[in-house]
Amino acid sequence: MESNSENQDGSVDGPEQADSTNAATPLFDVLDLMDKENFEPTVPDAVAEKLMQVSGCLTTDPKVTKLIAVAAQTFISVVAKDAMQHYKMRGAPQSNKFRGKDEQHNTLVMEDLISSIEDRGVVVRKPPYFV
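In this report, we go over the structure that sits alongside the text. (Residues numbered from 1 in each chain as written. Predicted model: local features only at pLDDT ≥ 70, side-chain atom pairs only at ≥ 80, totals over all residues. Heavy atoms only, no water.)

1. Quick notes on the overall build of the protein chain
Okay, so step 1: Scanning the protein chain from terminus to terminus reveals four helices and two strands.
Okay, so step 2: Ordered by position from the N terminus, the helices and strands of the protein chain form the series β-β-α-α-α-α.
Okay, so step 3: Considering only intrachain contacts with a sequence separation of at least 6, the fraction spanning at least 24 residues in the protein chain is 51%. (Helix = DSSP H or I, 4+ residues; strand = E, 2+ residues; numbered from the N terminus. Contact = heavy atoms within 4.5 Å.)

This is the structure:
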């Protein structure tokens, strides 16, 4: 069992004290930083407010709305990156013979997107009229 030791300045070292280099930045510091740098996420605040309204989370604090917008932007980015990985794993053609070697165009298709979203725990079902 680990013991805690008291330093000369009165602070305590032990398992409950987090290393400052590895500690996560507190949430309120992130929000203040976003305000100071006039950070605008890709997802507009109106979209974030609508998402929160639909999910039942009502708030008037613009910092919370901006934080939800950043979380949505992160989710979209991760899903798109994963969809690209699914595209590459299924062996989709990497280039077109009519284009040069430097021009590479990839197409996001529903099967890659569905695979990526399902990896995140979201169940996607097509309506019966599309089957």
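2. Digging into the side chain of Lys66
Okay, so step 1: Take Lys66: it is sitting in helix 3 (residues 62-89).
Okay, so step 2: Residue Lys66 is classed as buried on the basis of its relative accessible area, which comes to 11%.
Okay, so step 3: Among the polar contacts made by the side chain of Lys66, one reaches the side chain of Glu40 at a distance of 3.4 Å.
Okay, so step 4: Other than its neighbours up to four places away in sequence, Lys66 contacts Met34, Phe39, Glu40, Pro41 and Asp45. (Buried < 20%, exposed > 50% of the residue type's maximum accessible area, 1.4 Å probe, protein only. Polar contact = N/O pair within 3.5 Å; in protein donor to acceptor, adjacent residues only side chain to side chain.)

3. Looking at the packing of helix 3 against helix 4 (residues 110-119)
Okay, so step 1: Here helix 3 crosses helix 4 at 125 degrees, and the two axes come no closer than 8 Å. When the interaxial angle is binned, helix 3 and helix 4 end up oblique. Crossing hand, helix 3 versus helix 4: right-handed. Mapping the contact onto sequence places Val79, Asp82, Ala83, His86 and Tyr87 in helix 3 and Asp112, Leu113, Ser115, Ser116, Ile117 and Asp119 in helix 4.
Okay, so step 2: Here the contact of helix 3 with helix 4 is built from residues that sort into five nonpolar, three polar and three charged. (Axes fitted to C-alpha atoms, helices over the stretch in contact; angles between N-to-C directions. Parallel < 35°, antiparallel > 145°, perpendicular 65-115°, else oblique. Left-handed = near helix turned anticlockwise from the far one by under 90°. Nonpolar A, V, L, I, M, F, W, Y, C, P; charged D, E, K, R; others polar.)

4. So, a nonpolar patch on the surface
Okay, so step 1: On the surface, a nonpolar cluster with roughly 260 Å² of combined accessible area is contributed by Phe75, Ile76 and Val122.
Okay, so step 2: By secondary structure assignment, the location of Val122 is in the segment after helix 4. (Patch = residues over 30% accessible without salt bridge, like charges linked within 9 Å, V, L, I, M, F, W, Y side chains within 5 Å. Areas by Shrake-Rupley, 256 points an atom, 1.4 Å probe, with all protein chains shown as cover. Salt bridge = Lys/Arg side-chain N within 4 Å of Asp/Glu carboxyl O.)

5. Quick notes on the side chain of Asp82
Okay, so step 1: Note on placement: Asp82 falls in helix 3.
Okay, so step 2: A distance of 2.6 Å separates a polar atom in the side chain of Asp82 from a polar atom in the side chain of Arg120.
Okay, so step 3: Those residues within four positions of Asp82 in sequence are excluded, and the remaining contacts are Ser116 and Arg120.

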